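Read off the chains here:
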Amino acid sequence: MVTQWDPKYETNISEIDSQHKKLFRLINNIETVYDENKEHLSGKSRILLDAVSELEDYTLSHFLIEERVMELNQYPDLEAHKKQHDRFTDKILELKNRLTSGNLLSNDAELNQFFGDLLQFLRAWLTNHILKEDMDYKPYIKFNI
């Protein structure tokens with residue numbers, strides 16, 4: 001199931017919407033590789049590792065920009081929102097470390113489970129964070145960076 005962008009995810013903040021669309025593309029890239037190679041993911045380990053690294057880079061830069069927009073607009077729940085970002089970033093780092101340690105990259109069954117869990121986590125994030133938490137700051141945004 002490829003995760004599709006939908007206007008319901010729009011914050012009407014062009015930079016943030018553009019970045020959220022990039023997150024959808026990153027997730028879809030991982031999902032496509034996963035779906036097409038479930039029985040032999042170890043043969044795609046470099047692609048998958050690069051995709052997780054790109055996801056890590058994305059989160060670090062996106063969250064800084066999003067937090068800056070909220071700060072400039074004096075969003076009252078900024079600190080709570082930052083904590084959610086920190087938890088997400090910590091989870092991505094934990095998953096990346098798990099992926100790169102030991103022999104996970106050479107074990108098809110464990111890779112299959114790992115990427116199934118990762119995709120489930122990312123889909124839940126899209127639904128729970130973007131559709132709920134990000135929409136909470138939307139009324140407060142008067143100007144963008």
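The structure displayed is predicted, hence computed values, not measured ones.

Asker: Looking at this structure, how should I read the packing of helix H2 (residues 45-72) against helix H3 (residues 78-100)?
Answerer: Helices that pack against each other are described as a pair by the angle of their axes relative to one another and the distance between those axes. The interhelical angle for the contact between H2 and H3, taken along N-to-C directions, is 170 degrees, at an axis separation of 10 Å. Of the possible angle classes, the one that applies to H2 and H3 is roughly antiparallel. Residues Leu-49, Val-52, Ser-53, Leu-55, Glu-56, Thr-59, Leu-60, Phe-63, Glu-66, Glu-67, Met-70 and Glu-71 of H2 lie in contact with H3, whose contacting residues are Leu-78, His-81, Lys-82, His-85, Phe-88, Thr-89, Ile-92, Leu-93, Lys-96, Leu-99 and Thr-100. Here the contact of H2 with H3 is built from residues that sort into eleven nonpolar, six polar and six charged.

Asker: I would appreciate a short explanation of the nonpolar core in the present structure.
Answerer: Nonpolar side chains in soluble globular proteins tend to be buried together. Of all hydrophobic cores here, the largest spans 31 residues; its most connected members are Leu-23, Leu-99, Phe-115 and Leu-118. Of all the secondary-structure elements, those providing two or more residues to this core are helix H1 (14-36), H2, H3 and helix H4 (108-137). Here the element with the most residues in this core is H4; it accounts for ten residues. If near-sequence neighbours (up to four positions away) are discounted, Leu-99 is found in contact with Leu-49, Val-52, Leu-104, Leu-105, Leu-111, Phe-114 and Phe-115. One finds Ile-16, Val-69, Tyr-137 and Ile-141 within the second-largest nonpolar core, a separate group that totals eight residues.

Asker: I'm lost on the environment of Leu-118 in this one. Help?
Answerer: For Leu-118, the location among the structural elements is in helix H4. Note: C-alpha distance between Leu-118 and Glu-67 (51 residues apart in sequence) is 24 Å. Leaving out residues up to four positions away in the same chain, Leu-118 has contacts with Ile-30, Val-52, Ile-92 and Leu-95.

Asker: In this structure, what is going on with the UniProt feature "domain: Hemerythrin-like" (unreviewed entry) in the protein chain? I would like to understand it.
Answerer: Here, the residues flagged by UniProt with the feature "domain: Hemerythrin-like" (unreviewed entry) are residues 12-141. In residues 12-141, the share of helix is 80% and the share of strand is 0%. The end C-alpha atoms are 9 Å apart.

Asker: Got a minute to help me understand H4 in this structure?
Answerer: Note: α-helices contain 3.6 residues per turn, so residues at a spacing of three or four share the same orientation. For H4, spanning 30 residues, the distance from its first C-alpha to its last is 41 Å, which sits close to the expected 44 Å at 1.5 Å a residue. The principal kink in H4, of about 35 degrees, is found at His-129. N-capping of H4 is provided by Asn-107, with a side-chain oxygen placed 3.1 Å from the backbone N of Ala-109.

Asker: Please clarify how the packing of aromatic side chains should be interpreted in this entry.
Answerer: Any pair of aromatic rings gets described here by the distance separating the centres and the angle formed by the planes. Taken as a whole and judged by the stated rule, the model has ten aromatic pairs. Ring centres 5.7 Å apart and planes at 35 degrees place the aromatic pair Trp-5 and Tyr-9 in the tilted group. Overall, Trp-5 belongs to the partly exposed group, its relative accessible area being 24%. Given the relative accessible area of 6%, Tyr-9 is considered buried. Here Tyr-9 and Phe-24 contribute two aromatic rings whose centre-to-centre distance is 4.8 Å and whose plane-to-plane angle is 70 degrees, an arrangement assigned as edge-to-face. Of this pair, Tyr-9 sits in the segment before H1 while Phe-24 is found in helix H1, placing the two residues 15 residues apart along the sequence. The structure contains a cluster of three or more aromatic residues connected by ring pairs, namely Phe-63, Phe-88, Phe-121 and Trp-125.

Each value, and the rule that gives it
Residues numbered from 1 in each chain as written. Predicted model: local features only at pLDDT ≥ 70, side-chain atom pairs only at ≥ 80, totals over all residues. Heavy atoms only, no water. Axes fitted to C-alpha atoms, helices over the stretch in contact; angles between N-to-C directions. Helix = DSSP H or I, 4+ residues; strand = E, 2+ residues; numbered from the N terminus. Parallel < 35°, antiparallel > 145°, perpendicular 65-115°, else oblique. Contact = heavy atoms within 4.5 Å. Nonpolar A, V, L, I, M, F, W, Y, C, P; charged D, E, K, R; others polar. Core = buried A, V, L, I, M, F, W, Y, C linked by side-chain atoms within 4.5 Å. Buried < 20%, exposed > 50% of the residue type's maximum accessible area, 1.4 Å probe, protein only. UniProt positions renumbered as here; feature names shortened; annotations may be inferred. Expected span 1.5 Å × (residues − 1). Bend = angle between axes of the 7 residues up to and from the residue. Polar contact = N/O pair within 3.5 Å; in protein donor to acceptor, adjacent residues only side chain to side chain. Phe/Tyr/Trp six-rings, centres within 6.5 Å; stacked < 30°, edge-to-face > 60°.

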